[in-house]
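Below, each chain spelled out in residue letters.
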Amino acid sequence: MLHTYFDHIRRILQQVEEREAEQIGQAARKTAETIMDGGIIHLFGCGHSHILTEEVFYRAGGLVPIRPIFVEKLMLHEGAVRSSELERQNGLAEEFMNGQDIRPGEVMFVLSTSGRNPVPVDAAQIAKQKGAFTIGITSLEYSQSQPSRHVSGKHLFNSVDLVIDNYSVRGDAVLTHPDLATPFTPTSTVIGAAILNGIFAEAIRFMIERSYEPPVYLSGNIDGADDHNRRLIERYRDRIPLLS
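Residues numbered from 1 in each chain as written. Predicted model: local features only at pLDDT ≥ 70, side-chain atom pairs only at ≥ 80, totals over all residues. Heavy atoms only, no water.

Caption draft 1: How the structure looks around the UniProt feature "domain: SIS" (unreviewed entry) in the chain. As annotated by UniProt and renumbered to match this structure, "domain: SIS" (unreviewed entry) occupies residues 31-209. Annotation note: span residues 31-209, helix share 36%, strand share 17%, distance between end C-alpha atoms 14 Å. (UniProt positions renumbered as here; feature names shortened; annotations may be inferred. Helix = DSSP H or I, 4+ residues; strand = E, 2+ residues; numbered from the N terminus.)

See the structure below:
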């Protein structure tokens, strides 16, 4: 199973690299332009998708102006089943999205592999209304296999400005066994992390090539990193309260 799973991951990564290169390039350019203009990058996801917002936040080797939108009842630690139920509620996103400090021209990533639930769709639509350029990381195969739960009938992929496909299968489980009826082992998190880090790598290159020094964290476990990171954090602390 290990080799089979790793084969799936390699195949999907190759698909993303070959088929999503243009979209990743667009996302990187928008990310870089936002940062060079003094803006920040916002990310939101429910359930396991929120893990990807943490992956790129306050990350050694990562960009500093990254702002995850954490809504604890839509994560897992306050009740996993309840979080899934809440994600299906139309209008719930208005409770936390309307007050978000998202400014015109900034970038908002919304992460949802199935792309069918109302909260991510509403989050994307509200961010767009605020003037953000919205990017969805989702699975087109999965989304197109299931009806939307949003009142509009829309999925995430047709609610954002730019779509990046993570090529997860329907149900996000790629392995099977003749003695088990249920497919198992997801791919969306490892692929999603690679997509986001790939976008930010390209964004950093874009900034360097335009003579702009990218705001990148050093690992706190390297001598001298604290002063480097402190200077960068001070630049963005007002916009990203989580950097406290």
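Caption draft 2: The arrangement of helix α4 (residues 80-87) in detail. Listed in full, the buried residues belonging to α4 are Ser83, Leu86 and Glu87. Along the axis of α4, the buried residues cluster in a sector spanning 100°; they form a single face. Turned more than 90 degrees from where α4 packs its buried face, Val81 and Glu85 sit exposed. Where α4 is buried, its residues touch α6 (118-129). (Buried < 20%, exposed > 50% of the residue type's maximum accessible area, 1.4 Å probe, protein only. Arc of directions from axis to C-beta. Contact = heavy atoms within 4.5 Å.)

Caption draft 3: Geometry of the sheet that holds strand β3 (residues 107-111). The five strands are arranged β2-β1-β3-β4-β5 in an open sheet whose pairing can be described as parallel. The sheet terminates laterally at β2 (66-68) and β5 (162-165), the two strands that pair on one side only. Shown here is a sheet whose adjacent strand axes are inclined to one another by a mean of 20°, direction ignored. In terms of strand pairing, strand β1 (residues 41-45) meets β2 through three bridges, oriented parallel. Bridged to Ile41 within β2 is Ile66. Helix α2 (residues 21-36) rests against β1, β3, β4 (133-138) and β5 of the sheet, and its axis sits at about 130° to β5. (Pairing = 2+ DSSP bridges. Axes fitted to C-alpha atoms, helices over the stretch in contact; angles between N-to-C directions.)

Caption draft 4: Representation of the layout of surface pockets. Here the largest pocket defines a volume of roughly 640 Å³. His48, Ser49, Thr113, Tyr142 and Asp172 are, among the 27 residues lining the largest pocket, the residues nearest its centre. Looking at the lining of the largest pocket, the elements with two or more residues in it are α4 and α8 (188-209). Sorting elements by how many residues they give to the lining of the largest pocket places α4 first, with four residues. Broken down by class, the residue content of the lining of the largest pocket amounts to eight nonpolar, 14 polar and five charged. Taken as a whole, the second largest pocket holds about 160 Å³ of empty space. What lines the second largest pocket is a set of 13 residues, and nearest its centre among them are Tyr58, Tyr217, Leu218, Asn229 and Ile233. (1 Å grid on protein atoms, 1.4 Å probe; cavity = no way out; pocket = protein on both sides within 12 Å on 5 of 7 lines; lining within 4 Å. Points joined across faces, edges and corners; volume = space filled by probe spheres on them. Nonpolar A, V, L, I, M, F, W, Y, C, P; charged D, E, K, R; others polar.)

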